[in-house]
Structure formats: structure tokens, C-alpha cells
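Residue-level structural notes
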Amino acid sequence: MERRVTRKFDVVVLGAGAAGMMCAIRAGARGRSVLLLDHAKAPGEKIRISGGGRCNFTNIHAGAKNYLSSNPHFAKSALARYTPRDFLDMVEAHKIAWHEKTLGQLFCDESAKDIIRMLLVEMKAAGVILELQKQVTSVEKALDGFRIATSEGPVETAALVIATGGKSIPKMGATGFAYEVARQFGLKITEPRPALVPLTLDPNLLEKLSPLSGVSVAAEVRHGKTAFREALLFTHRGLSGPSVLQISSYWREGDDITLVLEPDLDIASMLKGARKVNGRQAAQTVLAEALPKRLAQFFVETRGVTGHLADLSDKVIDGLASAIQSWAIRPAGSEGYRTAEVTLGGVDTSALDSKTMEAKAVPGLYFIGECVDVTGWLGGYNFQWAWASGHVCGEALS
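Residues numbered from 1 in each chain as written. Predicted model: local features only at pLDDT ≥ 70, side-chain atom pairs only at ≥ 80, totals over all residues. Heavy atoms only, no water.

1. Description of the side chain of serine 248
In this structure, serine 248 sits in helix 8 (residues 242–248). Classification of serine 248 as buried rests on a relative accessible area of 2%. Within polar-contact distance, the side chain of serine 248 engages the backbone nitrogen of leucine 196 at 3.1 Å. When residues no more than four places from it in sequence are discounted, the contact partners of serine 248 are Ala195, Leu196, Val197 and Leu199. (Helix = DSSP H or I, 4+ residues; strand = E, 2+ residues; numbered from the N terminus. Buried < 20%, exposed > 50% of the residue type's maximum accessible area, 1.4 Å probe, protein only. Polar contact = N/O pair within 3.5 Å; in protein donor to acceptor, adjacent residues only side chain to side chain. Contact = heavy atoms within 4.5 Å.)

As C-alpha cells, this is what we get:
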């Protein structure tokens, strides 16, 4: 059997996603020989599908306050050293048209593929070798770095960067590979779980809410002291929409969440005011001016509210308004990694240097991006963490 020649590089990056490509670009631009490996057919698959195909590539408000981690201070260094403006400079240098949506979210005007092409151009300019559809079968510590067994033969490197992401969206090839490597080298893992994911309801409640499937409404969704005010969508499985995806990162099994529908309105005052002006109206008629008609009908029917407004006491109106704007629901679970946008938890930040992303106990081993216990809100924050963690890691690679 022919023995394959061992190839040697200054840096090997595993995972050609947002963080991995950014890291490879920075390391290559600094004169390092860089090999970027991925088992997928194409680089940046999560970039390609993000933002409805237009890639919500960053958020101008990104700061440590927008991230969940067992150490909320860990992300500060990277985020401060590579900002949304820094990434936007690259986007503009490549003449990619972009626009800002609500809440500081930046999107491509045309296609998410523009971001992938930009990164590929930058990698080529930096001399990065990109190899796709390559399997990594083992990683071992070597005398002067690491030895990696791949489907193309062995590779040796002084620095190994793990950028293989979390478990979310397994149909796109997501695995727990990063956690396996971390455990192999003695690093702790903060328990991974699906995040930015739709929540499911138990069958009995789901049956009651079945008339609402497909209805979207402005809402504030609360869990404890945390609240997000964005759209909510009722689905055939439970609850979705930006506000629910956001709160899913904070919710835990057995907890309630509170729905405040149309939070900018005072439903009780609206109904009482309408009672004064025209008491012969039905409550459902007035509610339908503020809520989708199916929601208005659902609430008056479930509360058993009948007759004209003039016939309704303050107590009845207040009860109806409370049902709409202080609605406690206990989700049964989530849709899991299948539809989760990101993975919460990951490589414990206490094991990593926040300035370089290097494992403190394993010189030359780095973890970046989603596989680290840093998870952003919905709206471009996770991409900014990928760019920032990848950039500072690439800067540190010697």
C-alpha cells in the first residue's frame, strides 16, 4: 500500500464557515501557510441560507450585552477589536450593495452568495488553500503541533483552529465534532442546546390554538426579566417568529413564557373607550381593528364574551384584555437542532484566552465561532461573533 506524504502547514483550520474563512484570511494575509478543510461540498452554507438568502451579515449594535455565555465578559475583547464597521469596510471594498433593516440588521441587497464570493476572493489573495469534501478522521498532538488524519492523507501543523460550528441544522452537515476535539484535549463543555428555535406546544393546547395557525401579530414575549418585542407567529407545531426565536435562547423546559400581544396598545382602555363612543358594538368588532380577525374571534370565544360592549362590565373587559396582553403559555419543548439557527453552549470560555481564542492548557489549539459558548441574539449578532472571533484568532496565529 502506497504511503501518502505528510503535508505541513503553519495553520490548519477545520470548518469553512464564517469564522473559519475569516480566520484563514487573516492568518494567510500575515504570511502564514494555511489549509482550510471542510467535509461539505461548498463553503459557507449557513451564510448562503441566512437572512432568507440575503445574509443578515452583521448588526451595527453588536456588543457583549447581545450574547449569552457562562462568562458574559468573554466576548468583549474580540467584539471590540473587530467591529461591525470593520466587516462593513470589507463588504463595501468589494462593492456589495447592502441595506439596514430594523434594529440595526444589515443585509445584502442581492444575495448571500455575494458574501461567500467576497470571502473566497479574500482567501485566494491571502494564499489560503481550500479543500472541500475532505473527511478528518483523527486529531493528535504531535511534537511540534498537531497531526491530522484526513481522507487525503496526513497533515501536520503548528496551529490547529476548530471552526466546525455547533449541532444546529444537521441536514447541512452540522455535527458535534468541535466538542469531541475539546473533550479529547481535556477542555470543558457547557451543555449544548438548540437556540433561536421555534417552540412547540403540547397536543391539547395545540388543538385549542389550531384556528390561529399562520396568524402573525406584533408581540412582546417575556421570560423572567428578559423580553423581546418583535413579530410572533402561530404555527401548526406551536410558536415561532423573531420574538419567540429570541426568547427560546433563555427559555428552559418547565418554564412559562408570557405573550403580550400588540404591546404598544392598551387593549383595556381601547375597549372601554369604544364602549363610551358606541356601546352597541361587539367586543370582537373593536378587537379586530387592533388584532388579526382570527385572534379577535379566538379571544372572545375562549373568554365567553358575548353581547354589546355596553353590556360588558369593567371586570369582563379587563379579563379579556389580560388574556390578550398577559397570556402565560408553557411550551412543551422546541423543534430542536433541525430548525435551530444556532447552538447555545459549547466549548467553555474559561478554557480559552479571550484575546486569541487559544486553549490555555493546549498551546496551538484554537476554537472560534459557534462551537464556543458565546451565542448571539437573532439579527446578525452570531455572524459578527464569527467574524470577530475568527479575526482575532487569525491575528494571533504565529
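Next comes the rest of the write-up.
2. As for the packing of helix 9 (residues 267–277) against helix 12 (residues 314–325)
In contact at an axis separation of 8 Å, helix 9 and helix 12 are set at 140 degrees when each is read in the N-to-C sense. Between helix 9 and helix 12 the crossing geometry is right-handed. Every residue of helix 12 that contacts helix 9 at Ile267, Ala268, Leu271, Lys272 and Arg275 is listed here: Asp314, Ile317, Asp318, Leu320, Ala321, Ile324 and Gln325. When its residues are assigned to classes, the contact of helix 9 with helix 12 shows seven nonpolar, one polar and four charged. (Axes fitted to C-alpha atoms, helices over the stretch in contact; angles between N-to-C directions. Left-handed = near helix turned anticlockwise from the far one by under 90°. Nonpolar A, V, L, I, M, F, W, Y, C, P; charged D, E, K, R; others polar.)

3. With respect to the packing of helix 1 (residues 18–29) against helix 5 (residues 113–125)
Where helix 1 contacts helix 5, the two axes come as close as 8 Å, and the packing angle between them is 30 degrees. Comparing the axis directions of helix 1 and helix 5 gives the class roughly parallel. The way helix 1 lies across helix 5 gives a crossing that is left-handed. Across the interface between the two elements, Met21, Ala24 and Ile25 of helix 1 pack against Leu119, Glu122 and Met123 of helix 5. The class makeup of the residues in the contact of helix 1 with helix 5 is five nonpolar, no polar and one charged. (Parallel < 35°, antiparallel > 145°, perpendicular 65-115°, else oblique.)

4. Some words on the pattern of salt bridges
According to the stated counting rule, one finds 17 salt bridges in the structure shown. Note that arginine 26 and glutamate 395 form a salt bridge whose closest N and O atoms lie 2.6 Å from each other. Taken together, the residues arginine 26 in helix 1 and glutamate 395 in helix 13 (residues 381–396) connect sequence positions 369 residues apart. A salt bridge links aspartate 89 to arginine 85, with the shortest nitrogen-to-oxygen separation between them at 3.0 Å. One end of the pair, aspartate 89, and the other, arginine 85, are both in helix 4 (residues 84–93), four residues apart, so they sit about a helical turn from each other. One salt-bridge network, in which partners are shared between bridges, spans Glu220, Arg222, Arg229 and Asp264. (Salt bridge = Lys/Arg side-chain N within 4 Å of Asp/Glu carboxyl O.)

5. Notes on the sheet that holds strand 17 (residues 327–329)
What the seven strands build is an open sheet, ordered 17-16-13-14-15-12-18; its pairing is antiparallel. The strands lining the two open edges of the sheet, one partner per strand, are strand 17 and strand 18 (333–334). Pairing of strand 13 (residues 216–223) with strand 14 (residues 226–234) involves eight bridges; the strand directions are antiparallel. Following the sheet pairing, histidine 223 is matched in strand 14 by threonine 226. The strands touched by helix 12 are strand 16 (257–261) and strand 17; relative to strand 16, the strand with the most contacts, the crossing angle is about 115 degrees. (Pairing = 2+ DSSP bridges.)

6. Description of the environment of leucine 232
Here leucine 232 shows up in strand 14. For leucine 232, a relative accessible area of 0% corresponds to the buried category. Separated by 48 residues in sequence, leucine 232 and glutamine 184 have C-alpha atoms that sit 41 Å apart. When sequence neighbours within four positions are dropped, the list of residues in contact with leucine 232 reads Val215, Ser216, Val217, Ala219, Val221, Leu239, Ser240, Gly241, Ser243, Val244 and Leu259.

7. Focus: the side chain of aspartate 348
Among the secondary structure elements, aspartate 348 is positioned in the loop between strand 19 (342–347) and strand 20 (365–367). One buried charged side chain, aspartate 348, makes no salt bridge at all; its nearest oppositely charged neighbour is lysine 188, positioned 4.1 Å away. The residues touching aspartate 348, leaving out its near neighbours within four places in the chain, are Ser70, Lys188, Ile189 and Thr190. (Lys, Arg positive; Asp, Glu negative; His and termini not counted.)

8. A closer look at unusual backbone geometry
Of note in the backbone geometry, leucine 103 takes a positive phi value of approximately 60 degrees without being a glycine. Take leucine 103: it is sitting in the loop between strand 5 (98–100) and strand 6 (105–108). For methionine 357, which is not glycine, the phi torsion reads 70 degrees and is therefore positive. Structurally, methionine 357 is set in the loop between strand 19 and strand 20.

9. Section: the nonpolar core
Grouped burial of nonpolar side chains is what soluble globular proteins tend to show. Core analysis: the biggest nonpolar cluster contains 81 residues, and Ile47, Phe87, Ile115, Leu187, Phe367, Trp385 and Trp387 have the highest contact counts within it. In this structure phenylalanine 87 touches Met22, Phe57, Tyr82, Ile115, Met118, Gln384 and Trp387, once residues within four positions along its chain are discounted. Val286, Leu291, Phe299 and Val305 belong to the second-largest nonpolar core, a separate cluster that totals 42 residues. (Core = buried A, V, L, I, M, F, W, Y, C linked by side-chain atoms within 4.5 Å.)

10. Looking at the sheet that holds strand 5
What the three strands build is an open sheet, ordered 3-6-5; its pairing is antiparallel. Single-partner strands in this sheet number two, and they are strand 3 (56–59) and strand 5. In this sheet, neighbouring strand axes are inclined to one another by 25 degrees on average, regardless of whether the strands run parallel or antiparallel. Taken together, the three bridges between strand 5 and strand 6 define a ladder with antiparallel strand orientation. Across the sheet, the residue bridging to histidine 99 is phenylalanine 107, located in strand 6.

11. Side note on the packing of aromatic side chains
The final tally for this structure, using the stated rule, is 13 aromatic pairs. When the ring of phenylalanine 228 is compared with that of tyrosine 250, the centres are 5.8 Å apart and the planes differ by 45 degrees; the resulting orientation is tilted. One end of the pair, phenylalanine 228, is in strand 14; the other, tyrosine 250, is in the loop between helix 8 and strand 16, with 22 residues separating them in the sequence. Its relative accessible area of 6% is what places phenylalanine 228 among the buried residues. (Phe/Tyr/Trp six-rings, centres within 6.5 Å; stacked < 30°, edge-to-face > 60°.)

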